[in-house]
Every structure is written in C-alpha cells, then in structure tokens.
Amino acid sequence: MPEFDTDSDLIKEYKYGFFTDIESDTIPKGLNEEVVAMISGKKNEPVWMLEWRLKAYRRWLKMKSPRWAFLDYPEIDFQNIHYYSAPKQNVDSTELDPELMKTFERLGIPMNEHDALSGVAMDVVFDSVSVGTTHKELLEEQGILFCSISEAIQKHPELVKKYLGTVVPPGDNYYAALNSAVFTDGSFCYIPKGVTCPVELSTYFRINAADTGQFERTLIICDDHATCSYLEGCTAPARDSNQLHAAVVEIVALDHAEVKYSTVQNWYAGDKDGQGGIYNFVTKRGHCRGIKSKISWTQVEVGAAITWKYPSCVLEGDGSSGEFYSVAFTNNKMQADTGTKMIHVGKNTSSTIVSKGISAGQSSNNYRGLVKVYPGATHARNHSACDSLLIGRECSANTFPYIESEDDTAALAHEATTSTISEEQLFYLKSRGISEEDAASMVVRGFCKDVFKHLPLEFSVEAVKLLEIKLEGSIG
Amino acid sequence: MAYLDIQNLHASIGDIEILKGVNLQINKGEVHALMGPNGSGKSTLSSVIMGHPSYDVTEGDILLEGESILEMDPDERARAGLFLCFQYPVAIPGVSISNFLKKAMDARHPEGKTPAGPFLKEMRENMAYLDMDKSFANRGLNEGFSGGEKKRMEILQMMMFKPGIAIMDETDSGLDIDALQVVSKGVNKMRGPDLGLLVITHYERILNYIEPEHLHVLMDGQVVMSGGPELVKKLEEYGYDWVREQTMATA
Ligand SMILES: Nc1ncnc2c1ncn2[C@@H]1O[C@H](COP(=O)(O)OP(=O)(O)OP(=O)(O)O)[C@@H](O)[C@H]1O
Ligand SMILES: [Mg+2]
C-alpha cells in the first residue's frame, strides 16, 4: 500500500504529494569522488563516463553557487543529500513492480503497453533511475532511439560521446557541473535523418525518496530534416524539508531539424508558509547547429519552492530560429527567477519570446532574459513580450530584459506590461452570471492564451486544469 | 408589486453620496427611459442595481420579485434575471467571445452545462441578426473593439441571456446611424412580455426607434420627474433648466 502523508491538508492542496513505500537501493548521504564513482558503478558505466563525471566534479568544487538571481534561500548543504536512490526491482522480470504501477496509475500515467496513451511514448524516471519506456517497437521501426540515458551510455556510446556536454558543457554553471558529476538518469532521444517522429516523446520525472536529489540529464538529437515533439512532466511528494532538483537538458538540431520541447513543471511547492518544496535549479539549452533548424521551448511552471531556469537557444545555423513560450505561476511563498537566452550567432536568425508571469500570495516572480547578437550575425530578429499579472497586493513581479547587440542590422523589439486582475474585469464577468472564481480563472486563462496555444493539445488541457487548481483560493 | 422595485435608494462612494433617494418601478413588458444631465448618477444607479462592490447602499432597498437583492453578489443578481449593458464595457484579453458566452450560459444552466450544439446555433443566429461577422466569435472579448462593436456585443449578450430586466446605459452613445438601427432592432426583437427595459440615454433619436412608455428624469441623485412619451419632446425642447424650474415650483 502506498503510504500517505498524514497531513491531509497537504494532500488536498497537492494531489501528487503522496509517497510510495517501496524498497529502495540508496547510497548514503554526502558527496565526494567515491560517491561519484559509486553512481557510475551502479550503472556499470564505461571508464570514459566515470572520468567525465570526475572531471566535472573537480570543476564543481572550484565553483560558487550563483547568487545573482532574485531568489532568497539558505545555503544548500550538499553533504546532506542522497545522490542515488532507486526502487528495487525484480531483475528477472520485465514487468514493473506492482507498487510502482499503482503509483503511476495515481499520477495518471499508464505504464503498461496496452493502456499507454496512444500518441505518446513515455519514459518514466523514478528518483534516480528510469523505470520503463513505452512504445519501443513503434519507435525502433523508424530508427528512432528513445531510452534512458543510462541505457544509451551502454548501447549507443558513440552518440553519447559525440553530443553529451556539447550544448551545456560541464563547467557551464554551478548546477550544470554538479549535474554532470552525479546525474543519475534521464532520457535520450535520437531522431535519424529525415524522420518525423510519429508520436510525442515524453518523460515523467517523479521524486519519491526523502532527502534525495534528482539530477536528471536529457539529451535530444534531431538529425538533418528530422522533427520531434518532446513533453516533460514532474511531481514529488509533499514534505517539510526542501529537496534539490538540478537537471540538465541538451538539445541538438541539425540542418532543417525541428524540436519542440514542452514542460509542465508541477513539483511540490511547499506549504502556505513556505515550508518544504523542491528547489528547482535547471539548465536547459538547445543548439540550433544546422541551417534553418528550429528549437521551441514551451514551459508551464506551476510548482517548486524555487525555480531557477532559463531554457535557451544558441542560434548558430544560418536562418535558424528559437522560441520561448512560458507561463510561470507562483503562489504563497514561491519564488521564480526564470526566462530565456537567445544567442544569435548565424546570419538571418530569429527568435521569439513570450513570457507570462502570474504571481499570487506573497510570491515573487521574475522574468530574466538575454537577447545577444554576435558580430556578423546579420539581420538577426527578436521579438520579446513579457507580461506580468499580479493577484493580490503582497506578491511581486520584476522583469529583467538584457539586450546585447553587436550587429547594426539586428531588429530587436521588446514589450513588457504589468497588470492586475482589475475589479472592473471581475465585475463585468460577474455581472454576466459567472462566479468570482470562474471569472478570475477566465482572466488568467486569457492572459496565458498565447503560451497555451503552443502546447500539444492534451498537454494544454492538462495545463489549464492544473492552473485552475492552483488558482483556487488565491483570489479574493 | 413591481418586478423591479427601487425604494428610496441612497448610495455613496466613500463619503460622497451620489444616489439620494431614488424611487423607480419597472415591470416586465414595460419600457422605461431614463434621462438626466452628466454626473446626475445614471451609471451609478445601474452599477448599484447590478451590485458593484465600490458603492455602499446606505438607505433604501432594491427588490426583485419582492425579494431584496442587496445581499446578493453580482453573479447571483445576473442569474436572477438582471442584465446591464455597460456604458464602457471592459476588455478581457485572450478570452474568446464564444468561450465567454458559453461560460456565462453554463452558469445559468441548471445542470451547469449548456449543450454546445444548440448554443453555437443560437449564438450564430443572433450574431447574424446583429450584422456581426462570424469571425467575431473567436476574437478576445472587447479586445480592440470599436465603440460600436462593443455595444453590439452587449446586445448580443442580452439576446443570449434573455434577462427579466435589462438596463441599457447609453448604449446609443457613439453609434452611427446604421449601428443604432441594428442595436434597436436587437432590442425590439427582445421586447415583449418577458422583458422590462430601462434605457438610459441623452438623445431623443434612440427613443424614436425604441418607443418607451415611461420617461424619468434623474437629477442630482433623485428621480425628479416622470411622465409618458410626450415628456421626451418637452425635454428636447426646453432642456434640464425647465425641469429644474418645474421641480423648484412644486417643491
Ligand atoms: N468611483 C467614483 N469615485 C468618485 N466619484 C464617482 C465615482 N463614480 C461616480 N462618481 C461620481 O458620481 C457622480 C455620478 O456619476 P455617474 O457616472 O453615475 O453619472 P451619469 O449620470 O452616468 O453621467 P453621464 O451622463 O456622464 O454618463 C459623478 O459626479 C461622478 O463623478
Ligand atoms: Mg453614465
């Protein structure tokens, strides 16, 4: 039987906040070279991989945690975290543990092949390991590789070696270095030349064990003229203590390739008073390496106590384009510092940024974005629109748009607005018979429309529902 | 007992009293016009009837079918049968008209959901009746609408919601002749034994299209004169000074 947290209010507020009581294989708390080697050993990794990790670890030791973001949190004690925890599974069986199956049912994720969502192939990462991938055969027919990164290191080392760390180098930033040293699992996708991936590829991340960090690593490569759409979802149990999630996602798009990456981030956000919740320090970056390639990020961030996340695009291929569509909702004591970087390197590159921040309660919600145009990146175009919506008087929103252009031919446009749900809007809708709560949620949905329309349909319905649940009780 | 019965209504905003004892009775099937100088309190009266939270009712009552509605929220009042065509409708960006109308219809439906098919059919028919282009259904509510488009949108809502009482706050202001005719056409279609109308206006011209049986003059927060259609002509001819003289004389 899955155990439930005793605090039923918590459960009500966060319906994914339950804990699965399952035997797990966990290595002791703390971080040193031995722990890095143990993680590598658990996964039977080749020596080159271990060396890569150790190099990253040594880099990390020399680095300082970034404090430039508009976030307020105590120093993280990196020695007080388990860096590996995996549910024990029967090695002989190809079936999932029944407890795990039940967990995924409660999360609404069908894991057996015949219940699997028809247009979505799913990889599920439970704490530190991937516990199963669906739709394998269909994908294999097309030559698409979709598996856990651990499996990819074993089975496709040449691809991993060629691309891992080339978009987000281990020394890129503090959390990327940490992730490179201790990443435990994540997804790997390779779409071969000319292939349009027939289903949505999806990874679901679940943190279950207490005091465990989740360090997943995802690598997506779309070869020439290939396209794919990737979805990511995440949840964690409700706990009083903070938990660290430090992921790295790398995307490579070659000539004419297109990758669409969508996230619905619903980590546990802590309680009303800011007790507990996930610290979400994530580095996501896409590299438009090929000509006319395209990478599009869509994120709906409604969870986590702290969000530090800037999905970015390096537009190197001539004529390549990058997009960033974001809804970030914060409530209670949540803090978000999120945005994007669009780095224009190639000629005729273009980027679009649409950011919608919604703050309620005493939360703080900040957009931070950089548009950089290198010399010679002629005729770069960017359009940025950053809107903030405030609910109530105790929350705050800030916008930090940085623009660095070193080419005269660039055309960059930036717009920003801050608004509140006005009394007149609520009165208008209410005077039509719509209840206050529905009216407020309507205004918020309208506000987010330009982002939601970029989500795959099923995900967008989900995102709307999620936002509505989150809004309940934050109005008035 | 009148369907809508406003009794000695006093309302203020902060310390400023704006309505100073309004009396007005409207029954279903009747059309009333309300005129009065700028700032006399016409929009305030509409907002107070609808339950705008900025105004405090300090004295008097508003009864709908004999029951006081003062304790009801605006959405409850709307569902009870009141409707206000706003003088200045606000925009709700990103919320499509069809979506908004559906939500508002759902809110009225006993099971909380109007069947989509008949709803869409009715919406399209009403839009066609008001010469609104089909594409409007997908536009954001009042988002970038011209003044005339906003007013048509208000009438469209009235046609969909079928209220017992509709208050039209200067729906005719800023309309060109064609739009005025379309709006009047919508109103006249709704007219009948199930609807009581209060038409607030500054101009005689809309009253030529929508012929009211009763006319009231609001001045300084009070209804100071009431009469039949013949009063329209008099007002048009002599102006509000004449009303002031008349009321002074009787006072
Ligand atoms: N929110 C407010 N704060 C302060 N004063 C207000 C407010 N709302 C209305 N008033 C005042 O109340 C009075 C009546 O205003 P109201 O808008 O009801 O007039 P009206 O008769 O509708 O005028 P018009 O013909 O110009 O539309 C005015 O003096 C106005 O300034
Ligand atoms: Mg007015």
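This text follows the structure it describes.
Residues numbered from 1 in each chain as written. Chains lettered and ligands numbered in written order. Predicted model: local features only at pLDDT ≥ 70, side-chain atom pairs only at ≥ 80, totals over all residues. Heavy atoms only, no water.

Caption draft 1: Region of the structure containing the packing of aromatic side chains. Within the structure shown, the criterion is met by 24 aromatic pairs over all chains. An angle of 80 degrees between the planes, with centres 5.2 Å apart, marks the rings of Trp60 of chain A and Phe78 of chain A as edge-to-face. A residue pair is termed long-range when its members are at least 10 positions apart, and Trp60 of chain A in helix α3 (residues 47–61) and Phe78 of chain A in the loop between α3 and β2 (85–87) qualify at 18 residues. Considered together, Trp60 of chain A and Phe78 of chain A belong to a single accessibility category, that of buried residues. Pairwise contacts between aromatic rings join Tyr57, Trp60, Trp68, Tyr73, Phe78, Tyr174, Tyr175, Tyr279, Phe281, Trp308 and Tyr310 of chain A into one cluster. Residue placement shows Lys189 of chain B over the ring face of Tyr129 of chain B; its charged tip is 4.6 Å from the ring centre. (Phe/Tyr/Trp six-rings, centres within 6.5 Å; stacked < 30°, edge-to-face > 60°. Helix = DSSP H or I, 4+ residues; strand = E, 2+ residues; numbered from the N terminus. Buried < 20%, exposed > 50% of the residue type's maximum accessible area, 1.4 Å probe, protein only. Lys NZ or Arg CZ within 6 Å of the ring centre and 35° of its normal.)

Caption draft 2: The arrangement of the coordination of the magnesium ion (ligand 2) in detail. Note on the magnesium ion (ligand 2): its protein donors are Ser43 of chain B (OG) and Gln87 of chain B (OE1). The metal-donor distances range over 2.0 to 2.3 Å. Within this pair, whereas Ser43 of chain B is found in helix α1 (residues 42–50), its partner Gln87 of chain B is found in the loop between β6 (82–85) and β7 (92–96), the two being separated by 44 residues in sequence. (Donors = N, O, S within 2.8 Å, 3.2 Å for Na, K, Ca; no water.)

Caption draft 3: Representation of the sheet that holds strand β1 (residues 4–13) of chain B in the model. Residue and element names in this part refer to chain B. One open sheet accounts for 4 strands, arranged β2-β1-β4-β5; its pairing is antiparallel. Across the chains shown, the open sheet's two edge strands, defined by having one partner strand only, are β2 (16–26) and β5 (67–68). Sheet topology note: the β1/strand β4 (residues 56–64) ladder contains 7 bridges and is antiparallel. Within β4, the residue paired with His10 across the bridge is Glu59. In this fold α1 packs onto β1, β2 and β4, with an angle of close to 75 degrees to the strand it touches most, β2. (Pairing = 2+ DSSP bridges. Contact = heavy atoms within 4.5 Å. Axes fitted to C-alpha atoms, helices over the stretch in contact; angles between N-to-C directions.)

Caption draft 4: Just the interface of chain A and chain B, in detail. Counting residues at the interface gives 19 residues for chain A, matched by 31 residues for chain B. On the chain A side of the interface with chain B, the three residues burying the most area are Phe427, Tyr428 and Arg432 of chain A, jointly 37% of the side's total. Between the two partners, chain A and chain B, sit 1 salt bridge. The salt bridge involving Glu154 of chain B is made with Arg432 of chain A; its shortest N-O contact spans 2.6 Å. Every element with two or more residues in the side of chain A that touches chain B is listed here: α9 (423–430) and α10 (436–452) of chain A. Looking at side-chain class alone, the side of chain A that touches chain B contains 7 nonpolar, 5 polar and 7 charged residues. (Buried area = accessible area lost by both parts, 1.4 Å probe. Salt bridge = Lys/Arg side-chain N within 4 Å of Asp/Glu carboxyl O. Nonpolar A, V, L, I, M, F, W, Y, C, P; charged D, E, K, R; others polar.)

Caption draft 5: The arrangement of the pattern of salt bridges in detail. Residues and elements named next belong to chain A. Counted according to the given criterion, the structure contains 27 salt bridges over all chains. Where Arg58 meets Glu33, a salt bridge forms, and the shortest distance between an N and an O atom there is 2.8 Å. Separated by 25 residues along the polypeptide, Arg58 in helix α3 and Glu33 in helix α2 (residues 33–42) bring together distant segments of the chain. Using a relative accessible area of 40% as the deciding quantity, one classes Arg58 as partly exposed. Counted as one network, the salt bridges with shared partners bring together Lys372, Glu404 and Glu406.

Caption draft 6: Spotlight on the site of ligand 1. Residues and elements named next belong to chain B. As a matter of local geometry, ligand 1 sits amid 14 residues, with Ile13, Lys42, Ser43, Thr44 and His202 nearest to it. The separation between an oxygen atom of ligand 1 and a polar main-chain atom of Gly39 is 2.9 Å. The greatest single-element share of the shell around ligand 1, amounting to 3 residues, is contributed by α1. Taken together, the residues that form the shell around ligand 1 break down as 4 nonpolar, 8 polar and 2 charged. (Near = heavy atom within 4 Å. Polar contact = N/O pair within 3.5 Å; in protein donor to acceptor, adjacent residues only side chain to side chain.)

Caption draft 7: Local environment of the packing of α9 of chain A against α10 of chain A. All names here are of chain A. Packing of α9 against α10 brings their axes to within 9 Å, and their N-to-C directions diverge by 120 degrees. Considered as vectors, α9 and α10 are oriented oblique to each other. Handedness of the α9/α10 crossing: right-handed. On α10, the residues touching Gln425, Leu426, Leu429 and Lys430 of α9 are Glu436, Ala439, Ala440, Met442 and Val443. (Parallel < 35°, antiparallel > 145°, perpendicular 65-115°, else oblique. Left-handed = near helix turned anticlockwise from the far one by under 90°.)

Caption draft 8: Structural context of the sheet that holds strand β3 (residues 31–35) of chain B. Residue and element names in this part refer to chain B. Taken together, 6 strands build an open sheet; the order of strands is β6-β9-β10-β3-β11-β12 and the sheet is mixed. Strands at the two margins of the open sheet, each flanked by one partner only, are β6 and β12 (222–227). On average, each strand axis in the sheet is inclined to that of its neighbour by 20 degrees, with strand direction left out of account. As paired strands, β6 and strand β9 (residues 165–169) are joined by 4 bridges and run parallel to one another.

Caption draft 9: Geometry of the pairing of strand β18 (residues 335–344) of chain A. Residue and element names in this part refer to chain A. Counting buried positions along β18 yields 9 of 10 residues, so the element is predominantly enclosed. Sheet topology places strand β15 (residues 306–309) next to β18; 4 bridges connect them, and they run parallel. Within β18, the residue paired with Thr307 across the bridge is Ala336. As defined by bridge partners, strand β16 (residues 312–315) adjoins β18 across 3 bridges and the pair is classed as parallel.

In short, the description is geometric, and any link to function would need to be established separately.
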